[in-house]
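# Working through the structure, step by step
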Amino acid sequence: MIFYLLRRIVYTIPIMIGVAFFCFLLVHISPGDPLVSILPPDASIELQKQLMKLYGFDRPWFEQFATWFWRALHGDLGTSIASGRPVAAEVMRAVGNTLMLACMATLIGFLFGGLFGFVAGYFRDSWVDRIASALSVLGVSVPHYWLGMVLVIIFSSWLMWLPATGAGPGGSGEWAWDWAHIQFMLLPAITMSVIPMGIIARTVRALVADILAQEFVVGLRAKGLTDLGIFMHVVKNAAPTALAVMGLQLGYLLGGSILVETVFSWPGTGLLLNSAIFQRDLPLLQGTILVLATFFVVLNLLVDVLQTTLDPRIQRS
Amino acid sequence: MSIGISIEHIGVAADSDRGGPAQPLLTVNGLVKHFDLKKGFVDTVMGRGKVVRAVDGVDFRILKGETLGVVGESGCGKSTTARLLMHLIDPSAGEIVFNGETVGSPALPLREYRRQVQMVFQDSYSSLNPRLTIQDSIAFGPQVHGVPKQEAITRARNLLERVGLEPRRFAGRYPHELSGGQRQRVNIARALACEPRLVILDEAVSALDKSVEAQVLNLLMDLKEEFGLTYLFISHDLHVARYISDRVMVMYLGKVAETGPAEALFEQPLHPYTRALLSSMPSMDPDRRTEEAALAGDPPNPIDPPPGCRFHTRCPLAEAVCSQRAPSLKTRQRRETACLIHEPGSGHSHAAAVAAAVHAS
Amino acid sequence: MNTTASLPLPQPRTKVEAIERSPGFWSGVLAKLMRDPVALGAGAVLLALIVMAIFANQLLPADPYATSMFKRLKPIGFEGYPLGADELGRDMLSRLMLGTRLSLFMGITPVLIAFVIGSAIGILAGYAGGLVNTLIMRTIDILYAFPSVLLAIALSGALGAGIGNALLSLTIVFIPQIARVAESVTTQVRGRDYVEAARASGAGPFTIVRVHVLGNVLGPIFVFATSLIAVSMILASGLSFLGLGVRPPEPEWGLMLNTLRTAIYSQPLVAALPGVMIFITSISFNLLSDSLRSAMDVKS
């Protein structure tokens, strides 16, 4: 198993290089001059050349990639063209906010999805099961950015229970774990939790039904094991896979939060990406994507490693 | 009277007999297949890697018109040998001579060889394309070899009739609508559609019910008679092998242990492994009931086969010399045996006695 | 006549033309779908949407582009505006109907193109195996290392706004996913005995792929691709919602949702309408895909 884990880790290296190369290419597939957003329209050719040299756009692509990759490895993602600040610092601040939101959403999704799925799998083909199945189809079908708008309409506009946008009272400010701040997080987190909820419910339902149908459970029941005992048994056997799915979903939410963050003006990577795109700030775009993709790859690796450790039956090639 | 089967464009010349009936249809010399184990990163860097010696130097002949049965425990290399003969996998070493020509040589290109040698697999379901009708499956082979579609379909229906499946009812059906026995009849028809001379039957009846098995075996014997076929019949079932075979070859761990005429081999096995294998056969005769397991445990791992004679780890007659010297196939009176006991002067204590007994007889 | 070479077959007793034929695989699937009420319902909704998209010009009650300063943000049921008016006073009903055209087009096209390209790549990798497989699949793994939403936004963000760029980005998102499925199904089929048997009869790789592989892998790949259409609908509208896809004044549900965002306090019901359309469409595709999956008995 040690060898499997080592191989799995080694195998991640070329993937990461490929991911980095893809992020690097983003600037180059982009049409037009990368400096167009900061150059005044009447800039002289001289100034343009000077800036090209400053940002290194005049050298061959592989040299640019090598330099860029080397710097990225050392935590230097370049300078934002729009703000002039280091990309790494901007991204890291935003990633913290996104991570917080995504974790909260995954937690909500896992709790409710797990509950629905468990009940549905335990009472298979009952009305509970049918409702849970319907909910999980709705969960993966709903455009979550629209769901966010609907929640704002209901809870902010009509009921006026929760704030609609932002991440704290009085505009920007430091985050704190008090109700004044947490209430800002609820709506976006619930919105984002809908997709993992549906997927986790589906997974847990299938897992529970599978385990209950296995012969050894039938045997346990025949031996007179109580319902509680069987319940514990099912939980123990379903947990590794369910946790793995939850880990993967957290990764998807990290990358997929941009639309929801836009709806709620949540100051995370989504909002950052949005402004990078519209100010054509390509280093910022590149840096944000690279950081998010790295998170996703590392998270996948962790999930794999954890799952293999928890459940030695799994031997993936 | 032959119906709708024109042979001309398939190449009659290659079908003609070379060297008369005495020459073997198929001769296999030193056939070897080693599978690379999946190597880890470290192994690749160090340039090392283990191999599975699935088939490790096999020699045999199949005579024209005979049925050669191949028996042995699972993992002995029977099926790998079949796949090597079909060229479904490339041999690591060795040559196959078909009808006097080396397979793959300009005189006998692979494509032409493949028409003359066909195979019936064990799993009757997985060997038929679920999306093709029965007649399309049978007609596929001839079409590959240039028979026009309509003619190939006609041939397929005729063959269905011949294997005992009414064309009107079965030609337009899909494999999942047929029973296992019916599907295996289709597979036999499919193998015959290319008009082969040699048919390899790899556990072809093993998955069938006993009653169906007997019907299919009888069908195979009829077809052989009618079309002048030669069979290589692989089976783990010794009764079946004895029933259908003219000669039998016993394999152990990728090597040939013994070959001989079926009756002689079953009545008087020479190799200790054959004897052990036969004594594990259930018998109806109470006097011949098996008292103790003749073959204990599993065969050794083909990744690291034992040195010397491969059977010495389980052989009741093994002596020190058996783990040092590998026996070679010795021929005596149409029988071949690879055992030091039957090798005069091998150093095995039984060898002299056996030699004396042979002289006396 | 050469007796060793010809098979002395008996005369067939029946006239060979009159064989009984079983219904083919696809007609069986269709028959199962026709008995499935969920599939029929979802199919009817999608059919209605497609008819609406094709005949939008004939069906529109009003000009979807005509603005009116005095009719801005009118509620549902306002006189002459059955579903209200948007932030520029345009008829919501007409815009939603015409929006079907672009929204469906943007959702379905990337999956269709990715189905063709991804299947080709996956089948090639799966059937060739070995080094070719490794090279192709490891490259695919790199694109697969991005969450789909992030990849779509990164690509169309870098390429710039526009329908063409959005379609291209989404196609690139779905190719690796489809290629992976195609590769794994093809690898499975390649190991079946009937492919071995076809090789044993001397058929070349192209013949084998055409006759024996395609028929057995395209079904499962197609089922998987249909499950992506709902995702694609949501993503495509999402790109337009961010301002990366369709540009104004063309009606597209995601874009309409975006321009109406400011109206969620004044006309919440009108503002939410485009999202309802996206929701209905994506549910229908999901349900139809699920039914197709069980009708074809493909394991997920």
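See the structure shown above.
Values in this document were obtained by computation on a predicted structure and should not be read as measured data.

### A look at the interface of chain A and chain C
- Opposite the 38 residues of chain A that make contact, chain C presents 34 residues.
- Breaking the side of chain A that touches chain C down by element, the ones donating at least two residues are helix H1 (2–29), helix H5 (127–141), helix H6 (144–158), helix H9 (227–256), helix H10 (258–264), helix H11 (269–278) and helix H12 (282–310) of chain A.
- Considering only residue class, the side of chain A that touches chain C consists of 29 nonpolar, nine polar and no charged.

### Comments concerning the pairing of strand E10 (residues 255–261) of chain B
Residues and elements named next belong to chain B.
- Counting buried residues in E10 gives six out of seven residues, a clear majority hidden from the surface.
- Across six bridges, the pairing between strand E9 (residues 247–252) and E10 is antiparallel. Bridge pairing links Val 248 to Gly 260 in E10.
- Linking E9 to E10, which pair antiparallel, is a turn of two residues; within it Leu 253 sits at a positive phi near 50°.
- With two bridges connecting them, E10 and strand E12 (residues 335–337) associate as antiparallel partners. Looking at the pairing, Glu 258 lines up with Thr 337 of E12.

### Here we look at the nonpolar core
- Counting residues in hydrophobic clusters, the biggest one holds 243 residues, and the most contacted among them are Ala293(A), Leu232(B) and Ile178(C).
- Among the elements that take part in this core, helix H9 (residues 205–241) of chain C stands out by supplying 19 residues, more than any other.
- When residues of this core are sorted by domain, at least three fall in each of domain 1 (2–68) and domain 2 (95–278) of chain A.

### Side note on the sheet that holds strand E8 (residues 230–234) of chain B
All names here are of chain B.
- Strand order in this open sheet of eight strands is E6-E7-E8-E3-E9-E10-E12-E11, and the pairing throughout is mixed. Only two strands of the sheet have a single partner each, and these edge strands are strand E6 (117–120) and strand E11 (330–332). Pairwise comparison of adjacent strand axes, ignoring direction, gives a mean angle of 20° for this sheet.
- Relative to E9, strand E3 (residues 67–71) runs parallel, the two sharing four bridges. Paired with Val 71 across the bridge in E9 is Val 250.

### Thoughts on the environment of Val248(B)
All names here are of chain B.
- Note that Val 248 resides in strand E9.
- Residues Val 248 and Gly 72, 176 residues apart in the sequence, show an inter-C-alpha distance of 10 Å.
- Excluding residues within four positions of it along the chain, Val 248 makes contact with Gly 69, Val 71, Ala 241, Gly 260, Ala 262 and Leu 265.

### Describing helix H7 (residues 180–192) of chain B
Residue and element names in this part refer to chain B.
- Spanning 13 residues, H7 covers 18 Å between terminal C-alpha atoms, matching the ideal 18 Å at 1.5 Å per step.
- Burial analysis of H7 places 12 of its 13 residues in the buried class, the great majority of the element.
- Taken together, the buried positions of H7 are Gly 181, Gln 182, Arg 183, Gln 184, Arg 185, Val 186, Asn 187, Ile 188, Ala 189, Arg 190, Ala 191 and Leu 192.
- Next to the buried residues of H7 lie E6, helix H4 (134–144), helix H5 (149–162), strand E7 (198–202) and helix H8 (210–227).

### With respect to the packing of helix H4 (residues 87–122) of chain A against H9(A)
Residues and elements named next belong to chain A.
- Running from amino to carboxyl end, H4 crosses H9 at an angle of 140°, the nearest separation of the two axes being 9 Å. For the pair H4 and H9, the sense of crossing is right-handed. Of the residues in H9, those touching H4 at Thr 98, Leu 99, Ala 102, Cys 103, Ala 105, Thr 106, Gly 109, Phe 110 and Gly 114 are Ala 242, Met 246, Gln 249, Leu 250, Leu 253 and Leu 254.

### Here's the deal with the sheet that holds strand E1 (residues 26–36) of chain B
All names here are of chain B.
- An order of E2-E1-E4-E5 is seen for the four strands of this open sheet, with the pairing classed as antiparallel. Edge positions in the open sheet fall to strand E2 (51–62) and strand E5 (101–102), since each of these has one partner strand only.
- The sheet contact formed by E1 and strand E4 (residues 93–98) spans five bridges and is antiparallel. Following the sheet pairing, Val 28 is matched in E4 by Ile 96.
- Where helix H2 (residues 78–85) meets the sheet, its contacts fall on E1, E2 and E4, and the angle it forms with E2 comes to roughly 65°.

Rules and cut-offs
Residues numbered from 1 in each chain as written. Chains lettered and ligands numbered in written order. Predicted model: local features only at pLDDT ≥ 70, side-chain atom pairs only at ≥ 80, totals over all residues. Contact = placed C-beta atoms within 7 Å. Helix = DSSP H or I, 4+ residues; strand = E, 2+ residues; numbered from the N terminus. Nonpolar A, V, L, I, M, F, W, Y, C, P; charged D, E, K, R; others polar. Buried ≥ 20, exposed ≤ 12 C-beta atoms within 10 Å, placed from the backbone. Pairing = 2+ DSSP bridges. Core = buried A, V, L, I, M, F, W, Y, C linked by C-beta atoms within 7 Å. Domains from an automatic or database assignment. Axes fitted to C-alpha atoms, helices over the stretch in contact; angles between N-to-C directions. Expected span 1.5 Å × (residues − 1). Left-handed = near helix turned anticlockwise from the far one by under 90°.

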